[in-house]
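# Summary of structural features
Next come the chains, spelled out residue by residue.
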Amino acid sequence: MKAPRNAAARHACQFAECLTLVGDHSGQPLKLLPFQRQILSTIFGNLDAAGRRRVKRVFLMLPRKQAKTTLVAAIVLYWLLGLGKRGVQALSVANDRAQAAIIYDTCRQMIEADDELAELCTVSKSSKNISIDGQNSFYQSLSTESTTKTGWSPSLVILDEAQDIADPDLVKNLTTGFGARDDYLLIFIGTAGTRKDTAFYAEYEYAKQVISGVIDNPTYAAFIYEAGEDADWTDERVWHAAMPALGKFCSLQFIRDEFEQAKRLPHKEAAFRQYYLNQWQLGSAAKWIPDATWMLNNSKPLGDAPHYYGGLDMASVSDTSSFVLYGRNSAGLWDVIPRIWVCEEQIERRQTAEFDYKRWEQQKLLSVTPGSAQDQEFIAADILKLAEQYKIKEIACDPYGMQWMAQRLMSAGLVVKSHGQGASEINPALR
């Protein structure tokens with residue numbers, strides 16, 4: 001969405017630049033950076049033919065240390081004071097009380113630094129509330145630990161660090177009161193996380209479709225500052241693209257120091273990518289093998305090893321069965337050739353945002369057997385096809401559920417040996 005340059009957009013930006021910075025820059029006037037100006041202009045400057053604000057929902061994903069709190073505090077105060085409306089209810093919500101207090105404290109300090117604002121506002125430190133004298137308007141910070149999430153009639157709701165909020169009903173509970181408002185605004189603000197099964201990730205996927213033009217929604221504004229999935233995380237130009245406040249509110253030397261640690265410690269690399277480049281670290285944020293090292297192994301099996309050893313683990317009925325071949329090829333590399341099977345019915349039952357079995361099937365990362373239980377004949381046929389392609393010297397298998405399969409494979413001339421998965425069998429090999 002292109003940021004407008006009209007009187008409404010200018011007014012919002014001028015109001016923000018009348019505020020005073022807090023923290024390390026305390027006492028200095030707020031000078032908007034280009035990305036902050038764009039966000040404010042887009043939210044408050046997009047008007048319909050009747051002069052009413054169009055944008056009702058905002059998704060803002062920024063890396064850490066990019067002055068998110070300063071920008072959100074400016075939005076809160078403008079909503080309370082700059083729009084000239086009475087009876088305003090503004091809420092910000094975070095996952096815990098300490099996080100919830102951050103936006104409130106920034107607003108409070110901005111008010112206390114300005115004599116005019118201090119005269120207009122009543123600040124309650126105990127209840128984390130800011131009210132506007134004589135206007136029946138207030139701002140309240142809440143945490144998800146609070147028992148009071150319904151009964152409000154807010155016109156502004158901000159979900160802060162929304163990637164950490166797990167309550168699926170929170171948005172519904174807080175925004176049902178929008179129906180009583182002519183003008184309202186919902187803002188998701190956060191950083192890339194580690195889970196798909198959250199409202200924030202669902203909103204992220206929707207926002208990406210709005211940005212790409214797949215979805216046309218003039219009431220929605222999305223701002224995502226992230227390094228691409230294939231971007232070179234070691235390139236400082238990538239850092240600047242993902243961190244629009246780098247060198248301004250965020251120290252470049254600090255990021256360089258963090259990078260030096262990330263190069264040496266794999267779990268630090270994951271954190272660097274997540275927090276500073278806004279790259280989702282789905283599954284686990286603490287990788288013990290760096291991506292670059294892992295991708296060095298991205299070579300296809302040659303299939304010319306003198307022989308391969310196989311490992312087979314059969315599902316009881318509806319779990320996942322797997323077979324892996326392992327052998328050293330003529331190039332001196334170790335081939336690892338996996339096959340995984342799951343039954344049709346389990347594809348539907350197991351499908352989640354985190355475990356995308358349907359996509360894995362499309363990518364041929366697993367095979368689907370017909371029916372509601374593991375089809376051992378189907379699996380045996382697949383293994384025998386592999387035996388025609390690769391020279392299998394021996395197959396070790398977990399004895400559980402292997403009675404029929406072992407006989408079937410041995411009758412075809414394959415060597416099958418029992419090898420349990422308990423400590424007594426596994427420990428010698430691991431040592």
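What you see is a predicted model; the values in this text were computed from it and never measured.

### A look at the packing of aromatic side chains
A complete count under the given rule lists 22 aromatic pairs for this structure. Connected via pairs of aromatic rings, a cluster forms that spans W233, W239, F254, F259, F272 and Y276. The ring centre of Y184 lies 5.1 Å from the NZ or CZ of K56, which sits over that ring.

### A few points about the sheet that holds strand β8 (residues 220-224)
If you trace the eight strands from one edge of the open sheet to the other, you get β3-β4-β5-β2-β6-β7-β1-β8, paired in mixed fashion. Whereas interior strands pair on both sides, the edge strands pair on one side only; in this sheet they are β3 (121-124) and β8. Strand-to-strand, the axes of this sheet are offset by a mean angle of 10°, without reference to chain direction. In this structure, strand β6 (residues 156-160) lies alongside strand β7 (residues 185-190), joined through five bridges in parallel fashion. Along β7, the bridge assignment pairs L159 with F188. Helix-sheet contacts for helix α2 (residues 34-45) involve β1 (57-61), β7 and β8, and the interaxial angle to β8 is about 170°.

### What about the environment of I39?
Mapped onto the elements of the fold, I39 is located in helix α2. By relative accessible area, I39 is classed as buried at 1%. Between the C-alpha atom of I39 and that of F223, which follows or precedes it by 184 residues, the distance is 7.6 Å. Those residues in contact with I39, other than ones at most four positions away along the chain, are L60, L71 and F223.

### Focus on the sheet that holds strand β14 (residues 416-418)
Read across the sheet, six strands follow the order β12-β11-β10-β9-β13-β14 without closing on themselves; strand pairing throughout is mixed. Edge positions in the open sheet fall to β12 (367-369) and β14, since each of these has one partner strand only. In this sheet, adjacent strand axes meet at a mean angle of 20° when their direction is disregarded. As paired strands, strand β9 (residues 308-313) and strand β10 (residues 321-328) are joined by five bridges and run antiparallel to one another. Directly across from G311, in β10, lies its bridge partner V324. Helix α15 (residues 403-411) rests against β9, β13 (392-397) and β14 of the sheet, and its axis sits at about 150° to β14.

### Concerning helix α3 (residues 68-82)
Taking 1.5 Å of rise per residue, the 15 residues of α3 would be expected to cover 21 Å, and the 20 Å separating its terminal C-alpha atoms lies within 8% of that figure. Most of α3 is tucked away, with 14 of its 15 residues classed as buried. Positive backbone phi, approximately 70°, marks G84, located one or two places after α3.

### Details of the pattern of salt bridges
Enumeration according to the criterion identifies 16 salt bridges in this entry. Of the charged contacts in the structure, one is a salt bridge between D48 and R52, with a shortest N-O distance of 3.2 Å. With its nearest N and O atoms 3.4 Å apart, the salt bridge here joins K417 to E394. One end of the pair, K417, is in strand β14; the other, E394, is in strand β13, and 23 residues separate them in sequence. Classification of K417 by relative accessible area gives partly exposed; the value is 45%. When salt bridges with common partners are traced through the structure, they connect R53, K56, K85 and D183 into a single cluster.

### Comments concerning the nonpolar core
Across soluble globular proteins, you tend to see nonpolar side chains buried next to one another. Judged by nonpolar contacts, the single largest core of 51 residues is most densely connected at V76 and Y139. Sort the elements by how many residues they give to this core and α3 lands first, with 11 residues. Every residue in contact with Y139, bar those within four places of it in the chain, is listed here: V76, L80, A90, L91, S92, I103, Y104, C107, K128, N129 and I130.

Conventions and cut-offs
- Residues numbered from 1 in each chain as written.
- Predicted model: local features only at pLDDT ≥ 70, side-chain atom pairs only at ≥ 80, totals over all residues.
- Heavy atoms only, no water.
- Phe/Tyr/Trp six-rings, centres within 6.5 Å; stacked < 30°, edge-to-face > 60°.
- Lys NZ or Arg CZ within 6 Å of the ring centre and 35° of its normal.
- Pairing = 2+ DSSP bridges.
- Helix = DSSP H or I, 4+ residues; strand = E, 2+ residues; numbered from the N terminus.
- Axes fitted to C-alpha atoms, helices over the stretch in contact; angles between N-to-C directions.
- Contact = heavy atoms within 4.5 Å.
- Buried < 20%, exposed > 50% of the residue type's maximum accessible area, 1.4 Å probe, protein only.
- Expected span 1.5 Å × (residues − 1).
- Salt bridge = Lys/Arg side-chain N within 4 Å of Asp/Glu carboxyl O.
- Core = buried A, V, L, I, M, F, W, Y, C linked by side-chain atoms within 4.5 Å.

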